[in-house]
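A structural walkthrough
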Amino acid sequence: MPVPILKQGTYLIASVQSALTDADTERLQDDLMTQVSRYRAHGIIVDVTAIDVMDSFAARSLRTIAHMTQLRGAETVIVGLQPEVAFAMVQLGLTFEDMHTALDLEEGLAWLDRKASGRRQRDGRDSGR
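These figures come from a predicted structure and were not determined experimentally.

Some thoughts on the overall build of the protein
Counting its secondary structure elements, the protein contains four helices and five strands. For the protein, the α and β elements follow one another from N to C terminus as β-β-α-β-α-β-α-β-α. In terms of overall dimensions, the protein is globule-like: its C-alpha atoms have a radius of gyration of 15 Å, near the 14 Å expected for 129 residues. Across its three principal directions, the C-alpha atoms of the protein cover 50 × 30 × 20 Å. Within the protein, buried positions represent 37% of all 129 residues. For the protein, the proportion of contacts with a sequence separation of at least 24, taken over those separated by at least 6, is 70%. Accessible area of the protein: about 7,600 Å², with a carbon and sulfur share of 50%. Of note, the protein has its 14 positive side-chain charges centred 13 Å away from the centre of its 18 negative side-chain charges.

Here is the structure:
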């Protein structure tokens, strides 16, 4: 089943509704990359709140999505990891050390906003003039 991807300003929000097959996961990667380019997105949120089991392929695919979108200029945040999923991932040695996670959608949006604000300040576009 395709994952719905919503555009919210310069962000894309992919809300995973159920466990993904390998084909669904690959389609999500392709869809996100297409939409990052189409909308010039600066941030991606992948909401996995509805997932109660995550296999190693899905975990690796989320890391791949984060790396691919970062190369295109968009930060990715994984939100909504259930405690049981996080525990199982750690037990299996699957971690998201090199990418950002957040408790929920609200926290993920706040993190992206902070990143965007910092980027504007570095680029001199938010100098208060």
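A closer look at the pairing of strand β4 (residues 75-79)
With five of five residues buried, β4 is to be regarded as a mostly interior element. Burial of β4 is two-sided: the residues E75, V77 and V79 facing one way and the residues T76 and I78 facing the other way are all buried. As paired strands, strand β3 (residues 43-47) and β4 are joined by five bridges and run parallel to one another. By the bridge assignment for β4, G43 is matched with E75. Taking the sense of rotation as the criterion, the β-α-β connection linking β3, helix α2 (residues 56-71) and β4 turns out right-handed. Across three bridges, the pairing between β4 and strand β5 (residues 100-102) is parallel. If you follow V77 over to β5, its bridge partner there is H100.

A short note on the side chain of D47
Turning to its location among the elements, D47 is positioned in strand β3. Look at D47: it is buried, it has no salt bridge, and the nearest opposite charge is R114 at 16 Å. One polar contact links D47 to T49, side chain to side chain, over a distance of 2.5 Å. In this structure, D47 is in contact with A14, S15, V16, V79 and G80, ignoring residues within four places of it in sequence.

Overview of the nonpolar core
Membership of the largest hydrophobic core comes to 26 residues, with the highest contact counts inside it found for L32 and M54. Elements supplying a minimum of two residues to this core: β2 (11-15), α1 (22-39), β3, α2 and α3 (83-91). Other than its neighbours up to four places away in sequence, L32 contacts I5, L12, A14, I44, V46 and I65. In terms of nonpolar packing, the next biggest core, distinct from the first, is built from nine residues, I13, V79, W111 and A116 among them.

So, the side chain of T25
Here T25 lies in helix α1. Filtering out sequence-adjacent residues up to four positions away, T25 remains in contact with L20, F57 and S61.

What counts and what doesn't
- Residues numbered from 1 in each chain as written.
- Predicted model: local features only at pLDDT ≥ 70, side-chain atom pairs only at ≥ 80, totals over all residues.
- Heavy atoms only, no water.
- Helix = DSSP H or I, 4+ residues; strand = E, 2+ residues; numbered from the N terminus.
- Rg over C-alpha atoms; globule rule 2.2 N^0.38 Å.
- Buried < 20%, exposed > 50% of the residue type's maximum accessible area, 1.4 Å probe, protein only.
- Contact = heavy atoms within 4.5 Å.
- Areas by Shrake-Rupley, 256 points an atom, 1.4 Å probe, with all protein chains shown as cover.
- Lys, Arg positive; Asp, Glu negative; His and termini not counted.
- Charge placed at Lys NZ, Arg CZ, Asp CG, Glu CD.
- Pairing = 2+ DSSP bridges.
- Right-handed = clockwise from strand over helix to strand, strands pointing away.
- Salt bridge = Lys/Arg side-chain N within 4 Å of Asp/Glu carboxyl O.
- Polar contact = N/O pair within 3.5 Å; in protein donor to acceptor, adjacent residues only side chain to side chain.
- Core = buried A, V, L, I, M, F, W, Y, C linked by side-chain atoms within 4.5 Å.

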